[in-house]
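# Descriptive structure summary
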Amino acid sequence: MKEKKQKWFNYLGDYGALISLVLIVALISIISPEFRTSGNFLSLLRQSSINGFIAFGMTFVILTGAIDLSVGSVLALSTALCAGMITIGVPAGAAMLASLLIGAFLGLISGMLVTRGRLQPFIATLITMTAYRGLTMIYTNGKPISRLGESMLLKSIGKGDVFGIPVPVILLILMFAFFWFLLTKTTFGRHIYATGSNWKAAELAGVNIRKTKIIAYVISGVMAALSGLILLSRLNSAQPTLGSGYELDAIASVALGGTSMSGGRGKIYGTFIGVLIIAVLNNSLNILGVSSYYQDVIKGLVILTAVLSDRKR
């Protein structure tokens, strides 16, 4: 009896998010005909890419048993610096590459605070979240940076499409495939899981815990910066408040996807499903005219359900 119960919980852990997604889509499609239009689905997928990149990076961090609260601020600062470079004449391609490197550097700082500074991940990334947001406000003087020119490269990353498929969606699928390979087929992926499962045992087995965690934070920073580039392309300006609260959607997506918040267990596939669930919820609640205040309450309940489910498993 106990074994059957455990198998049931394992089944829910593997497929619960997918079942939930199918049920939610079916229910909303019945309630709102506007939701099931092809145009709305494409818009939903495009929107989901922004949270998707951040959630992919967050998955690596959470799998190591840590957390990253700074992703929204990393997004804002790297995007503001990219926009600033473009306005002073730096080619858009070079500025975009620099933005990704800045995201990596900001993630590196968070990783160093956690590993070398031995701060709790929550505290370390709370510090960087606050500091990066403050630096963004200082750099922008609290005002949007616009006049970004007519670069086709910048426009295409957020607004372009290939055979009708939005470029952000294509990038999201490519990054999903890359991270799936990285986590399931490489030594580094095994180190990520080992670090989150039992870091002491992993260290005794020869895993470089500090290096693994730092790389996870660097990946998180790069993914946040990539999301910022997509937003910069779509808005054609860098807002100083950009990315505020994005860390919550990312954490919710990871939790909904079945990744253990204590680390060591989870799949990038689950995070992808979690991203789609959050996107469907946001999209459908907006279509149904639900107030943003109630939307936050619903998201909170969804996260609570996911975390309680993880503890039960």
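Numbering of residues begins from 1 in every chain and follows the order in which that chain's sequence is written. Residues qualify for local features only when their pLDDT is at least 70, as the model is predicted, and side-chain atom pairs are given and counted only at 80 or more; totals for whole chains, interfaces and linings, by contrast, use all residues. With hydrogens and water stripped out, all remaining heavy atoms of the structure feed into the side-chain values.

## A word on the overall build of the protein
The condition is simple: Each helix corresponds to a stretch of at least 4 residues labelled H or I by DSSP, and each strand to a stretch of at least 2 residues labelled E; elements are numbered beginning at the N terminus. Throughout this description, buried means an accessible area under 20% of the type-specific maximum (1.4 Å probe, protein chains only), exposed means over 50%, and partly exposed covers the range between. Whether two residues touch is decided by their heavy atoms; if any such pair falls within 4.5 Å, the residues are in contact. Each accessible area is a Shrake-Rupley estimate made with a 1.4 Å probe; only the visible protein chains count as cover when residues are assessed. Here Asp and Glu are counted as negative and Lys and Arg as positive; His is not counted, and neither are the chain ends. Charged groups are reduced to one reference atom each: NZ for lysine, CZ for arginine, CG for aspartic acid, CD for glutamic acid.
Looking only at helices and strands, the protein features 13 helices and two strands. Along the three orthogonal principal directions, the C-alpha set of the protein runs to about 65 × 55 × 35 Å. Scored against the burial criterion, the 313 residues of the protein give a buried share of 50%. Long-range contacts, defined here as pairs at least 24 residues apart, represent 78% of the contacts in the protein between residues at least 6 apart. When the accessible surface of the protein is totalled, it reaches about 15200 Å², and 66% of it is carbon and sulfur. Counting 26 positive and 11 negative side-chain charges, the protein places the averaged centre of each group 6 Å from the other.

## With respect to the packing of helix α2 (residues 38-63) against helix α11 (residues 246-256)
Note the following rule: The axes are straight lines fitted to the C-alpha atoms, using for helices just the contacting stretch, and the angles between their N-to-C directions are given from 0 to 180°. It is the rotation of the near helix from the far one that decides the hand of a crossing: anticlockwise by less than a right angle makes it left-handed, clockwise makes it right-handed.
Where α2 contacts α11, the axes come no closer than 8 Å and their chain directions differ by 65°. As for how α2 packs across α11, the hand of that crossing is right-handed. Of the residues in α11, those in contact with Ile50, Asn51, Ile54, Ala55, Met58, Thr59 and Ile62 of α2 are Tyr246, Glu247, Asp249, Ala250, Ile251, Ser253 and Val254.

## Quick notes on a nonpolar patch on the surface
Quick reminder of the rule: Put simply, a patch holds well-exposed residues, over 30% relative accessible area, that have no salt bridge, with like charges counted together within 9 Å and Val, Leu, Ile, Met, Phe, Trp or Tyr side chains within 5 Å. We count a salt bridge whenever a side-chain nitrogen from Lys or Arg sits within 4 Å of a carboxyl oxygen from Asp or Glu.
A contiguous nonpolar surface patch, about 410 Å² in accessible area, is contributed by Leu119, Phe122, Ile123, Leu126 and Ile127. As for its position among the elements, Phe122 is in helix α5 (residues 121-140). Look at Phe122 and you get partly exposed, because its relative accessible area is 48%.

## Overview of helix α8 (residues 187-197)
Stated precisely, the cut-off is as follows: Note: the arc covers the axis-to-C-beta directions of the helix.
Buried within α8 we find Phe188, Gly189, Ile192, Thr195 and Gly196. On an axial view of α8, the arc spanned by its buried residues comes to 125°, and they lie on one face. Across α8 from its buried face, at more than 90 degrees, point the exposed residues Arg190 and Ser197. Along its buried surface, α8 packs onto α2, α7 (167-185), α9 (199-204) and α10 (209-235).

## So, the packing of aromatic side chains
This is how the line gets drawn: Put simply, two rings from Phe, Tyr or Trp (the six-membered ring, in Trp's case) pair if the centres are within 6.5 Å, and we call them stacked under 30 degrees between planes, edge-to-face over 60, tilted for the rest.
Summed over the entire model, instances satisfying the criterion amount to seven aromatic pairs. For the pair Phe56 and Phe176, a centre-to-centre distance of 6.3 Å together with 35° between the ring planes defines the contact as tilted. You can see Phe56 sitting in helix α2 and its partner Phe176 sitting in helix α7, a full 120 residues away along the chain. Given a relative accessible area of 0%, Phe56 falls into the buried group. Seen in terms of ring centroids, Phe56 and Phe272 are 6.0 Å apart; in terms of plane orientation they differ by 85°. Their pairing is edge-to-face. Taken together, the residues Phe56 in helix α2 and Phe272 in helix α12 (residues 268-287) connect sequence positions 216 residues apart. Side by side, Phe56 and Phe272 carry an identical accessibility label, which is buried. Through pairs of rings, three or more aromatic residues link up here, namely Phe56, Phe60, Phe176, Phe178, Phe179, Phe188 and Phe272.

## A closer look at the nonpolar core
Note the threshold: Definition used in this section: a nonpolar core is a set of buried Ala, Val, Leu, Ile, Met, Phe, Trp, Tyr and Cys residues joined via side-chain atoms within 4.5 Å.
Judged by nonpolar contacts, the single largest core of 75 residues is most densely connected at Phe56, Phe60 and Phe179. Per-element tally for this core: the top contributor is α2, with 11 residues.

## With respect to the environment of Leu182
Note on placement: Leu182 falls in helix α7. In contact with Leu182, not counting residues within four places along its chain, are Phe60, Phe188, Gly189 and Ile219.

## Considering the confidence of the model for the protein
What counts here: Each residue carries a pLDDT score, the predictor's confidence in it, ranging from 0 to 100.
Across the protein, the average pLDDT comes to 88, with 93% of residues at 70 or higher. Averaged pLDDT values for the elements of the protein fall to 70 in helix α1 (residues 2-31) and rise to 96 in helix α4 (residues 92-115).

## A look at the side chain of Asp249
By secondary structure assignment, the location of Asp249 is in helix α11. Contact partners of Asp249, with chain neighbours within four places excluded, come to Asn51, Ile278, Asn282 and Lys299.

## Here's the deal with the environment of Pro168
You can see Pro168 is positioned in helix α7. As a C-alpha pair, Pro168 and Leu45 span 123 residues in sequence and 8.5 Å in three-dimensional space. Beyond its immediate sequence surroundings of up to four residues, Pro168 is in contact with Arg46, Ser49, Phe53, Ile157, Gly158, Gly160 and Ile230.

## What about the side chain of Arg46?
Stated formally: Polar contact is the term for a pair of N or O atoms within 3.5 Å; when the atoms are in protein, one must be able to donate a hydrogen and the other to accept it, and sequence-neighboring residues count only if both atoms are side-chain atoms.
Relative to the assigned elements, Arg46 resides in helix α2. The charged side chain of Arg46 is buried without a salt bridge, its nearest counter-charge being Asp161 at 5.4 Å. Here the side chain of Arg46 touches Gly158 through a polar contact of 2.9 Å, landing on its backbone oxygen. With residues up to four places along the chain from it excluded, the contact list for Arg46 reads Gly158, Lys159, Gly160, Pro166, Pro168, Val169 and Arg234.

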